[in-house]
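Okay, here's what each chain looks like letter by letter:
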Amino acid sequence: MQAPDNFDPIPGQPEQLEPGVRRLLAPNPSPMTYRGTNTYLVGTTQLAVIDPGPDLPTHLEAILAAVLPGQAISHIIVTHSHLGHSPLARALSASCAAPVYAFGTASTGRSLAMQALVDAGMRSGGEGIDHHFEPDISLTDGETLSAEGWQLEVIHTPGHLGNHIALGLGDACFTADHVMGWASSLVSPPDGDLTDFMASCSRLQARNWRVFYPGHGAEITAPHVRLDWLIKHRKSREAEILACLKQAPATPTELARAIYKETPPALLPAAERNVFAHLVDLIGRAKVQPVGALNEAARFQLLE
C-alpha cells in the first residue's frame, strides 16, 4: 500500500490543512524521509510547533516566517529523537524562547528486550538517532498540553523508537513516524521494538480518528484502513519469515534477501533490521530461537 506519488509540496511554504493546523515541509528528502519531514504548526495565536525537523537554517527561517502578526510560538514538541525530527528544536527554542517538550531522550521508553541488546553491545543501525537531544520538559503518557484554542493529548506510541509519541487533537492525530503517509514504518533494533510497535498500532486502532497527520507524506484520511493495512503488512512479513525458516535456519541477512527481492540494495540494511525486529518479537512469543547468542548476525531456527 505505497501511497500514490502525488505528495510534493514546496519546502518551506505553509499549507493550511484545517483551521488551526498548518504543515511546513522540511527540505530533507531521502529514501528514508520521502519528500522530507513534515513540521506542523497548531493554533492561531499561541502556536505549538510539532517536529521542528533537521538542523537546517533554511527550515528554521521558514518556521519563524510562518509565525504571523499576533502569533507566537509557545510550545515546541518533538515526537521522537531521530535526526529528521528533533535537532532543530534547540535553535528554534533559542529563537522564540519556547520550551522543548518530548517523552525523553533517545533511550527513554526503550523496552527491556532492546535494552538487553544494547547491553550485549548492539548499536543503532544508522537510521539517524539524535543522541544529543534532551527536552526541557519531559512528557508522560496521557498528559495534555494546551494553549489558547488547542489541546493536545500525549499518546506514548513506542515501536519505531522508544520515546515516540503521537499527539491527539480532538479526532485528528499527529502520528509522526508510527503511521506514515507513504510507506510502512521502519522498526530497527535496538532502538525500535516490533512488539511495542504492534501494541501501539492496536492502541491507536481503539480510537475513532478522523485523520492522521504523519511525519512524512500526505495526510491519511482513512486512518483505520491504514492501520489495518499496517498490521496486516507486518503479519504478512512474519508469515514470510516463518515460511523461510521452515525450509532451513537462516540469518536476518539471508531472510531479507529472500523476502525483499525488489528492494534497492541501498535499503537492504534497513530491511535486515526489520527482519531482525520480527525475529526478536518471535522469540518473545516462543516461535523462534537463535542458534547461539542473540545478535543481528545470528542464525535463527523455528521452535518445535
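What you are looking at is a predicted structure, and each value in this text was computed from that prediction instead of being measured.

A. Here's a closer look at the overall build of the protein. In terms of helices and strands, the protein carries 7 helices and 14 strands. Against the globule reference of 19 Å for 304 residues, the protein gives a C-alpha radius of gyration of 19 Å, in line with a compact fold. Burial analysis of the protein (304 residues in total) assigns 53% to the buried set. Relative to all contacts within the protein whose residues are 6 or more apart in sequence, the contacts with residues 24 or more apart total 65%. Accessible surface, the protein as shown: approximately 12900 Å² in total, 54% of it carbon and sulfur. Charged side chains of the protein number 21 positive and 31 negative; the gap between the two group centres comes to 7 Å.

B. Just helix H7 (residues 268-284), in detail. In this model H7 runs 25 Å from its N-terminal to its C-terminal C-alpha over 17 residues, within 8% of the 24 Å that 1.5 Å per residue would give. Within H7, 13 of the 17 residues are buried, leaving the element largely enclosed by the surrounding structure.

C. Seen up close, the sheet that holds strand S5 (residues 72-77). Ordered by their spatial adjacency, 7 strands build an open sheet running S1-S2-S3-S4-S5-S6-S7, and the pairing between neighbours is mixed. Looking at the sheet topology across the chains shown, the edges are occupied by strand S1 (15-18) and strand S7 (137-138). Relative to S5, strand S4 (residues 46-50) runs parallel, the two being bridged by 5 bridges. In the sheet register, leucine 47 faces S5, and the bridge partner there is isoleucine 73. Against the sheet, helix H1 (residues 57-65) makes contact with strand S2 (21-25), strand S3 (38-42), S4 and S5, and its axis sits at roughly 160° relative to S2, the strand it touches most.

D. Up close: helix H2 (residues 88-96). Within H2, burial applies to Leu88, Ala89, Leu92 and Ser93. On an axial view of H2, the arc spanned by its buried residues comes to 135°, and they lie on one face. Contact partners of the buried residues in H2: S4, H1, S5 and strand S6 (100-102). Once H2 ends, the next one or two residues include alanine 97, with phi positive near 65°.

E. Representation of the environment of glycine 284 within the structure. Mapped onto the secondary structure, glycine 284 falls in helix H7. Residues glycine 284 and alanine 113, 171 residues apart in the sequence, show an inter-C-alpha distance of 8.6 Å.

Reading the values: the criteria
Residues numbered from 1 in each chain as written. Predicted model: local features only at pLDDT ≥ 70, side-chain atom pairs only at ≥ 80, totals over all residues. Heavy atoms only, no water. Helix = DSSP H or I, 4+ residues; strand = E, 2+ residues; numbered from the N terminus. Rg over C-alpha atoms; globule rule 2.2 N^0.38 Å. Buried < 20%, exposed > 50% of the residue type's maximum accessible area, 1.4 Å probe, protein only. Contact = heavy atoms within 4.5 Å. Areas by Shrake-Rupley, 256 points an atom, 1.4 Å probe, with all protein chains shown as cover. Lys, Arg positive; Asp, Glu negative; His and termini not counted. Charge placed at Lys NZ, Arg CZ, Asp CG, Glu CD. Expected span 1.5 Å × (residues − 1). Pairing = 2+ DSSP bridges. Axes fitted to C-alpha atoms, helices over the stretch in contact; angles between N-to-C directions. Arc of directions from axis to C-beta.

Remember that the coordinates give geometry; whether it matters functionally is a separate question.
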